[in-house]
Every structure is written in structure tokens, then in C-alpha cells.
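Listed here are the chains, written in short residue letters.
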Amino acid sequence: EVLRSIRRKSLAKLRKEIEPVEQRTLARLFARWQGVVQPRRGLDALLDVIENLQGAPLAASLLETEILPARMVDYKPADLDTLVAAGEVVWVGLEPLGERDGRVGLYLADKLPLLWPVKPADGEAPLSEREQAIVAYLQHNGASFFQPLHDSTGGGYPGETVDALWSLVWRGLLTNDALHALRAYCEKPAGTGRNAKPARRVHNQSSFRSRRTTPPTAQGRWSLNVVAFDATRNNPTGQTAWSHAIAQQLLTRYGVVFRETAHAEDLPGR
């Protein structure tokens, strides 16, 4: 009877330790874990923020107006430019959102091969002729600016090449070594009414007038996301490695992971 009593009380104590907390307690944990309660400053802090967020589908229009400024003291877009130009950080498109926005993922460069989602080969619409020409040119010549890409696809109306570039971006096949094109893509055009306000810019404009005719949404050097072309990642070994890496990343991002986490992240395979 004494042993039964000890066992009963021990189980009751253990059950109490794993009782769910209230939602506001979880919200406080997430806010502190994400650095919103105690934002930091500097390039090293920005790297920590990106390491925490890497792989999460983030709306490009909110990235530098809401998401990063909430976690950084006196956030400067130039700091993110510095990390991207130094090869520390890579941005990749995940999906379009309407006509002038999309979800992007930020990655530490050496973690992109581990965290890039394993996607089934079927279900993707075939590339257009111009998109195929861009991919072939980049595979042969490496990272390139807009004009050589445009000329290699037959020239003509530049808007067609720009549209093809961004179609490849939202497929996750293309990236850029700067963020100027992404910022220009997400800028809302100024209205034409009496009370219209100029479009807001989150980056500092350089004090020079470009002599080139490159559209703002095509600036920078374009390159292939080579991880997306790696067919070996679709084998069981590659899928297991990705599952392990993404599980570790979710723990890093949230501290506590549950079923709804995978649903919110829109992970393949759930």
C-alpha cells in the first residue's frame, strides 16, 4: 500500500510538470525568444536574428519595415546589404504574393544547402522559353547583370526579361547578390490623386544618376540557387538530412515546437 501511494503521488507530480501553460505565457516566451522584448544592435546581432529566422517564409514588403526593425535597435538596411555583399547571407524567393510582393527566405550561406526545402519534382509548371534561356546562360556564365541576360534571351522588350527573372525568383531558382531589386519590386507606386503621397523607400538612395537603362527591379547580379537544381536531395538520405536540419532550426527559432508550428511554416510533408 505504501509503494502504491508513492507511485500514485510520483505520477501526479510528473503530470503536473507537463501541464500546458496559458497562451499568454507562450506568447511571452516567443516574444523574448525572438528578441522583440530586448532588441540588439550591430552586424553581429543582425546575423543572430537572421540565424533565428532563416528559412521562415517572410513577406518581402514587411521584412525591413516590420520584421527586422522589431528585433534590432535602429535597424539600417545598409547593414543587411553588407551581410549579403559579404556572402554571409543569401535571400531566396519562396512564393509570390499578389503583383508586387512575395515571401522570401533569409539564410546563412553555409546553411542554405541544409535548410532549403525538399520539393517534389512533379506539380511545377514547365519553364517558359525565356526562362530556360536565362537558366542556361547562368549555368554557363555564372552570376550576371541584367543587360547580358537580356541580350542572351534575344533582347526585345526588357519587361519580358524582368518578368522572367521574377518568375524564376518565386520558383526559388534565382537569387541576387543585393537587395535593391527586391526592394524596388515591393515598392508601391505613388498614387495620382490630390492626396497621393510618394512611395516610401526603406533604403538610402545613392547620390548619382545611373547611365544604364537597367530597370530598378533588375539591378544587381543574378545567379542560380544551385541547391534547387540538386536532384540528389530528393533521395531518402537527403530528405532525412533535411528533416533533421529543419527540426533543429525550428527549435532554434521557437524554443517550443508543436504541430501548429509546422503548419504555420508550410513545411512539405507537415
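Residues numbered from 1 in each chain as written. Predicted model: local features only at pLDDT ≥ 70, side-chain atom pairs only at ≥ 80, totals over all residues. Heavy atoms only, no water.

## Let's talk about the pairing of strand β3 (residues 102-108)
- Counting buried positions along β3 gives six out of seven residues, so the element sits mostly inside the fold.
- In the sheet, strand β1 (residues 58-59) pairs with β3 via two bridges, with the strands oriented antiparallel. From the neighbouring strand, Leu58 faces β3, where its bridge partner is Val104.
- Where strand β2 (residues 89-96) meets β3, seven bridges bridge the pair, whose relative direction is antiparallel. The partner of Val92 across the bridge, within β3, is Gly105.
- Hairpin remark: β2 followed by β3, antiparallel, with five residues in the connecting loop; positive phi at Gly98, about 70°. (Buried < 20%, exposed > 50% of the residue type's maximum accessible area, 1.4 Å probe, protein only. Helix = DSSP H or I, 4+ residues; strand = E, 2+ residues; numbered from the N terminus. Pairing = 2+ DSSP bridges.)

## Remarks on the side chain of Thr161
- Assignment of secondary structure puts Thr161 in helix α9 (residues 158-170).
- Looking at Thr161, its side chain comes within polar contact range of the side chain of His150, at 2.7 Å.
- Ignoring sequence-local partners within four residues, the contact set of Thr161 consists of Arg130, Ile134, Phe146, His150 and Thr153. (Polar contact = N/O pair within 3.5 Å; in protein donor to acceptor, adjacent residues only side chain to side chain. Contact = heavy atoms within 4.5 Å.)

## A few points about the sheet that holds β3
- Taken together, the three strands give an open sheet; going across it, the order is β1-β3-β2, and neighbouring strands pair in antiparallel fashion. The sheet is open, and its two edges are formed by β1 and β2, each paired on a single side.
- The strands touched by helix α3 (residues 43-53) are β1, β2 and β3; relative to β3, the strand with the most contacts, the crossing angle is about 115°.
- Most of the contacts of α9 go to β2, to which it runs at about 95°, and overall it touches β2 and β3. (Axes fitted to C-alpha atoms, helices over the stretch in contact; angles between N-to-C directions.)

## Quick notes on the packing of aromatic side chains
- For the structure on display, the rule yields seven aromatic pairs.
- Their ring planes at 35° and their centres at 5.7 Å tell us that Trp166 and Trp170 sit as a pair that is tilted. Note that Trp166 and Trp170 are positioned in helix α9 at a spacing of four residues, about one turn of the helix. Just as Trp166 is buried, Trp170 falls in that class too.
- On the numbers, 5.8 Å between centres and 85° between planes, the contact of Trp166 with Trp222 is edge-to-face. (Phe/Tyr/Trp six-rings, centres within 6.5 Å; stacked < 30°, edge-to-face > 60°.)

## A few points about α3
- Among the residues of α3, Ala45, Leu46, Leu47, Val49, Ile50, Asn52 and Leu53 are the ones counted as buried.
- Looking at the residues trailing α3, positive phi occurs at Gly55, about 90°.

## Remarks on helix α5 (residues 77-85)
- Of all the positions in α5, only Pro77, Leu80, Asp81, Leu83 and Val84 are classed as buried. The buried residues of α5 occupy an angular sector of 165° when projected down its axis, which confines them to one face.
- The inward-facing, buried residues of α5 abut α3, α4 (60-71), β2, β4 (174-176) and α10 (180-186).
- A positive backbone phi angle near 80° is found at Gly87, which sits one or two residues after α5. (Arc of directions from axis to C-beta.)

## Quick notes on the nonpolar core
- Counting residues in each nonpolar core, the largest one holds 44 residues, and the members touching the most others are Trp166, Leu182 and Trp222.
- Here this core gets seven residues from one element, more than from any other, and that element is α9.
- Once residues within four sequence positions are removed from consideration, Trp166 is found in contact with Trp91, Ala181, Leu182, Tyr185, Thr217 and Trp222.
- By size, the runner-up hydrophobic cluster in this structure holds 16 residues, among which are Val92, Trp242, Leu250 and Leu267. (Core = buried A, V, L, I, M, F, W, Y, C linked by side-chain atoms within 4.5 Å.)

## Description of the environment of Arg130
- Checked against the element boundaries, Arg130 lands in helix α7 (residues 129-141).
- You can call Arg130 buried: its relative accessible area is 18%.
- In the structure, Arg130 is positioned 23 residues away from Thr153 in sequence and 6.0 Å away in space, judged by C-alpha atoms.
- Polar side-chain contacts of Arg130 include one of 3.4 Å to the backbone oxygen of Gly155.

## As for a nonpolar patch on the surface
- The grouping of Leu29, Trp33, Val256 and Phe258 at the surface amounts to a nonpolar patch, some 320 Å² of accessible area in total.
- Here Val256 falls in the partly exposed class, since its relative accessible area comes to 35%. (Patch = residues over 30% accessible without salt bridge, like charges linked within 9 Å, V, L, I, M, F, W, Y side chains within 5 Å. Areas by Shrake-Rupley, 256 points an atom, 1.4 Å probe, with all protein chains shown as cover. Salt bridge = Lys/Arg side-chain N within 4 Å of Asp/Glu carboxyl O.)

## Notes on the packing of α3 against helix α11 (residues 236-254)
- The geometry of α3 relative to α11 is characterised by a closest axis approach of 7 Å and an angle of 125° between their N-to-C directions. Classified by the angle their axes make, α3 and α11 are oblique. Along its contact with α3, which presents Glu51, Asn52 and Leu53, the element α11 presents Gln249, Thr252 and Arg253. (Parallel < 35°, antiparallel > 145°, perpendicular 65-115°, else oblique.)

Any functional reading would require information that these geometric values do not contain.
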